[in-house]
Amino acid sequence: KPAKTDRDLGTSYRPSQKGQGSEFVLDPAVDRWLGDHRPTWTVPALPAMSMVDLLIGASGHDVPVRVEDVTIHRWLPIDGPCRLRTVQTEDGWRLDAWRDADRADLSRFEPVCTARISDANPPEAPWEPLQGDAAENPYEAAHLFHGPAFRYLSQLVLSEQGSSALLLPGQGSVPAGATHQGLLDAITHAIPHDRLSLWFEQIGDDAVAYPYRITWMEIYGPVGKLPLRVEVRPLPTEDPRFPRMAFQAIFMDRVWAQGELVEICMPKGPIGQADPLSRRAFLENREWVYQLGLASFADESATVRPNA
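Residues numbered from 1 in each chain as written. Predicted model: local features only at pLDDT ≥ 70, side-chain atom pairs only at ≥ 80, totals over all residues. Heavy atoms only, no water.

Trainee: Please explain the packing of aromatic side chains as it appears in this structure.
Mentor: To describe a pair of aromatic rings, one takes the distance between the centres and the angle between the planes. Per the stated rule, a full pass over the model turns up four aromatic pairs. With a centroid separation of 5.1 Å and an interplanar angle of 80°, the aromatic rings of W75 and Y210 are classed as edge-to-face. With W75 in the loop between β2 (65-72) and β3 (82-88) and Y210 in strand β8 (residues 207-219), this residue pair connects regions lying 135 residues apart in the sequence. Take Y210: its relative accessible area is 19%, and that puts it in the buried class. If you follow R83 out to its NZ or CZ, it ends over the ring of W98, 4.4 Å from the centre. (Phe/Tyr/Trp six-rings, centres within 6.5 Å; stacked < 30°, edge-to-face > 60°. Helix = DSSP H or I, 4+ residues; strand = E, 2+ residues; numbered from the N terminus. Buried < 20%, exposed > 50% of the residue type's maximum accessible area, 1.4 Å probe, protein only. Lys NZ or Arg CZ within 6 Å of the ring centre and 35° of its normal.)

Trainee: Would you mind going over the confidence of the model for the protein chain with me for this structure?
Mentor: Close inspection of predicted coordinates is inappropriate for parts of the model with low pLDDT. Summarising the model, the protein chain shows a mean pLDDT of 89, and 92% of its residues fall at 70 or more. By mean pLDDT, the top-scoring element of the protein chain is strand β9 (residues 228-235) (98), and the lowest-scoring one is strand β12 (residues 295-298) (73). Per-residue pLDDT stays below 50 along residues 1-10; that stretch engages in 16 contacts with residues further than four places along the chain or on separate chains. (pLDDT = per-residue confidence, 0-100. Contact = heavy atoms within 4.5 Å.)

Trainee: Could you clarify how one ought to interpret the side chain of T71 in this entry?
Mentor: For T71, the location among the structural elements is in strand β2. Judged by its relative accessible area of 19%, T71 is buried.

Trainee: Looking at this structure, I do not really get unusual backbone geometry. What am I missing?
Mentor: One can expect most non-glycine residues to show negative phi and most peptide bonds to be in trans. Cis geometry is found at the peptide bond from V63 to P64, where omega equals 5°. Position of P64 among the secondary structure elements: in the loop between α1 (48-59) and β2. The linkage connecting G221 with the following residue, P222, adopts the cis geometry, with an omega of -5°. Here P222 is to be found in the loop between β8 and β9. Here the phi dihedral of D69 falls at roughly 50°; this positive angle occurs in a residue that is not glycine. For D69, the location among the structural elements is in strand β2. Its relative accessible area of 28% is what places D69 among the partly exposed residues. Even without glycine at this site, A142 takes up a positive phi of about 70°.

Trainee: For this particular structure, what's the right way to read the pattern of salt bridges?
Mentor: Where charged atoms from two side chains of opposite charge approach closely, those side chains can pair. This model, assessed by the stated rule, comprises 15 salt bridges. Between E68 and R66 there is a salt bridge, with its nearest N and O atoms 3.3 Å apart. With a relative accessible area of 14%, R66 lands in the buried category. Here R85 makes a salt bridge to D96, at a shortest N to O gap of 2.9 Å. Pair noted here: R85 is in strand β3 and D96 is in strand β4 (residues 93-99), with a separation of eleven residues, a long-range link. For R85, a relative accessible area of 23% translates into the label partly exposed. Three or more residues joined by partner-sharing salt bridges are found here, namely R66, E68, D69, R116, R213 and E218. (Salt bridge = Lys/Arg side-chain N within 4 Å of Asp/Glu carboxyl O.)

Trainee: How do you make sense of the pairing of strand β7 (residues 162-167) when you look at a structure like this?
Mentor: Successive residues of a regular strand alternate their side chains across the two faces of the sheet. Most of β7 sits inside the fold, with five of its six residues counted as buried. Here strand β6 (residues 153-159) runs beside β7; their pairing, made up of six bridges, is antiparallel. What sits directly across from L158, in β7, is S163. What sits between the antiparallel neighbours β6 and β7 is a turn of two residues. Here five bridges tie β7 to β9, and the two strands are oriented antiparallel to one another. Counted as the bridge partner of L166 is R229 from β9. (Pairing = 2+ DSSP bridges.)

Trainee: For this particular structure, what's the right way to read the side chain of H193?
Mentor: Topologically, H193 is positioned in the loop between α2 (181-187) and β8. Residues contacting H193, with those up to four places away along its chain left out, are L144, T188, A207, V208, A209 and E263.

Trainee: Teacher, can you tell me more about the sheet that holds β6 here?
Mentor: What links the strands of a sheet is backbone hydrogen bonding, and the strands pair in either a parallel or an antiparallel sense. Spatial ordering of the open sheet is given by β1-β3-β4-β5-β2-β8-β11-β10-β9-β7-β6, a layout of eleven strands whose pairing is antiparallel. Strand pairing shows two members of the sheet lacking a second neighbour, β1 (22-26) and β6, which therefore form its edges. Averaged over all pairs of adjacent strands, the angle between strand axes in this sheet comes to 25°, irrespective of strand direction. Strand direction decides the pairing type here: β2 and β8, joined by six bridges, are antiparallel. Note that in β8 the partner of V65 across the bridge is I219. The sheet contacts of α1 involve β1, β2, β3, β4, β5 (108-118) and β8, and relative to β5 the element is tilted by about 70°. (Axes fitted to C-alpha atoms, helices over the stretch in contact; angles between N-to-C directions.)

Here you go:
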């Protein structure tokens, strides 16, 4: 059976476009895999690891490769065709997205992600897996929002010391890009983003975290079709709004990717604090869920507060 091509997967994703000022368009009607990445269960957004993949692809740097000071300047919702460009700067590489303004003269490219790219160091020794009982599937339990294209994680052990997970490369269908971006994204699926109080006592249950900055990451290659083992460990964190963690992805007893990630904690709000399955039903399926929403309920009346 022939391997699927990017076109079979429904994508115009071309990270191999190299050089300063390379422009391209991502369109969820063509790049259908983007529809399976909806951080709020509503609008597709470009994954952080895809931003990194685009910058590495534009740089022309082959693996092994190291990225440092990866900063996600803002979310990039993609609910229609989105113009992007990669630009080489004095310090590294930058991904820009086009913003249409009401006045044509104010429309412009704006920064989305920046990174420095260089040669990788030799990989560390693989970490030992954590021992413990298997945790519930985070996709089925609605702790994660990812659709089928991104569902590479098949097993998860979660404890106060960190997490161990198993990724199946053939289980998802995100275009590989320059660095197997779907597998890189799936490394973060082993993080309990909505339950970080398990790892950090300073973080309350009313917060949810999203990737914010990659301090450094090294990617080695290649990776085949056999399972990858992912290890994530919390790191000492001074500011509880920005929890730090280290990770490794291990393929056949050798490190395939490793690095340090910083997340940013955001208030869950009344919808975010709901039961995960109820939240998914309300946001993704547009189902009515009793007393779930931005309103306050009393008897038979509901009141919506500004900025709720």
